[in-house]
Amino acid sequence: MRLLEGRAVFCALCGEENGVRVIDWEKGKLPALPLCTRCRARLLAALAATAAEEAETLESASVATTVRTEASEKIAAEARTMTEEAFEAKYLGDTLDRVIFEYIHGYGETDMSGEGSAMVVLMMDGTSSEQEVSDRLLSLVERGLIYPIAGKAGWYGAELAFADD
């Protein structure tokens, strides 16, 4: 982008003749845009506000969004000292619990409302209902094996590191 001095050119936004500069975008097929000093300042302010909003959005997205309970912290600490096989033997003896845990653990964080629940039902070959998956999901949260994700209704996480990772 470059600014060119404009003579006998009017601002495209307000019609002002003084202090007009022509913005040549130099990319694509965008036409050159003549703007006066005041309209350029307004454009820069709008761009700065948009950049600040985007930076704030990126910053808030990078903040940890997990709601780790005391039980999930305890499980995470214990998992670091166990092999994945030993963890499964101790905590995931039930097939449905294991499938739910592995599904969420595989994604790290995933939406379990609707499609996630339905996927687990499919993986169980229809031997479980979405209600049963939902009930077991809550049980896994209470036990600390998975945890809810803050600000994302229906999302859960199961990011655990094992001794054999």
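Each value, and the rule that gives it
- Residues numbered from 1 in each chain as written.
- Predicted model: local features only at pLDDT ≥ 70, side-chain atom pairs only at ≥ 80, totals over all residues.
- Heavy atoms only, no water.
- Core = buried A, V, L, I, M, F, W, Y, C linked by side-chain atoms within 4.5 Å.
- Buried < 20%, exposed > 50% of the residue type's maximum accessible area, 1.4 Å probe, protein only.
- Helix = DSSP H or I, 4+ residues; strand = E, 2+ residues; numbered from the N terminus.
- Axes fitted to C-alpha atoms, helices over the stretch in contact; angles between N-to-C directions.
- Parallel < 35°, antiparallel > 145°, perpendicular 65-115°, else oblique.
- Left-handed = near helix turned anticlockwise from the far one by under 90°.
- Contact = heavy atoms within 4.5 Å.
- Salt bridge = Lys/Arg side-chain N within 4 Å of Asp/Glu carboxyl O.
- Arc of directions from axis to C-beta.

Enquirer: Which parts of the structure should I look at to understand the nonpolar core?
Expert: One broad rule of soluble globular proteins: the nonpolar side chains tend to lie buried together. Judged by nonpolar contacts, the single largest core of 27 residues is most densely connected at Phe-87, Phe-101, Ile-104, Val-120 and Ile-146. For this core, the elements supplying multiple residues, two or more each, are helix H2 (70-79), helix H3 (84-91), helix H4 (95-107), helix H5 (115-123) and helix H6 (130-143). Here this core takes six residues from H4, the largest share from any one element. Residues Cys-11, Val-20, Ile-23 and Cys-36 belong to the second largest nonpolar core, which totals six residues.

Enquirer: Quick question: what am I supposed to make of the packing of H4 against H5 here?
Expert: A pair of packed helices is captured by two measures, namely the crossing angle of their axes and the spacing between those axes. In the contact formed by H4 and H5, the axes pass within 10 Å of each other and the chain directions differ by 130°. As far as their axial angle goes, H5 and H4 are oblique. As for the relative orientation of H4 and H5, their crossing is right-handed in sense. Listed contacts from H5 to Leu-96, Val-99, Ile-100 and Tyr-103 of H4 are Gly-116, Met-119, Val-120 and Met-123.

Enquirer: Teacher, can you tell me more about the pattern of salt bridges here?
Expert: Where charged atoms from two side chains of opposite charge come close, those side chains can pair. Using the criterion set out here, one finds five salt bridges in the structure. A salt bridge links Glu-78 to Lys-90, with the shortest nitrogen-to-oxygen separation between them at 2.5 Å. One end of the pair, Glu-78, is in helix H2; the other, Lys-90, is in helix H3, and twelve residues separate them in sequence. In this structure, Asp-97 engages Arg-136 in a salt bridge whose closest nitrogen and oxygen atoms are separated by 3.2 Å. Taken together, the positions of Asp-97 in helix H4 and Arg-136 in helix H6 put the pair 39 residues apart, joining distant regions of the chain.

Enquirer: Can you help me understand H5 in this one?
Expert: Turn by turn, an α-helix covers 3.6 residues, leaving residues three or four places apart pointing in a common direction. Looking only at H5, the buried set comprises Gly-116, Ser-117, Val-120 and Val-121. Projection of H5 onto a plane perpendicular to its axis shows the buried side chains occupying an angular sector of 140°, all on one side. Along H5, exposed side chains directed more than 90 degrees from the buried face belong to Glu-115 and Leu-122. The first or second residue beyond H5 is Asp-125, which carries a positive phi of 55°.

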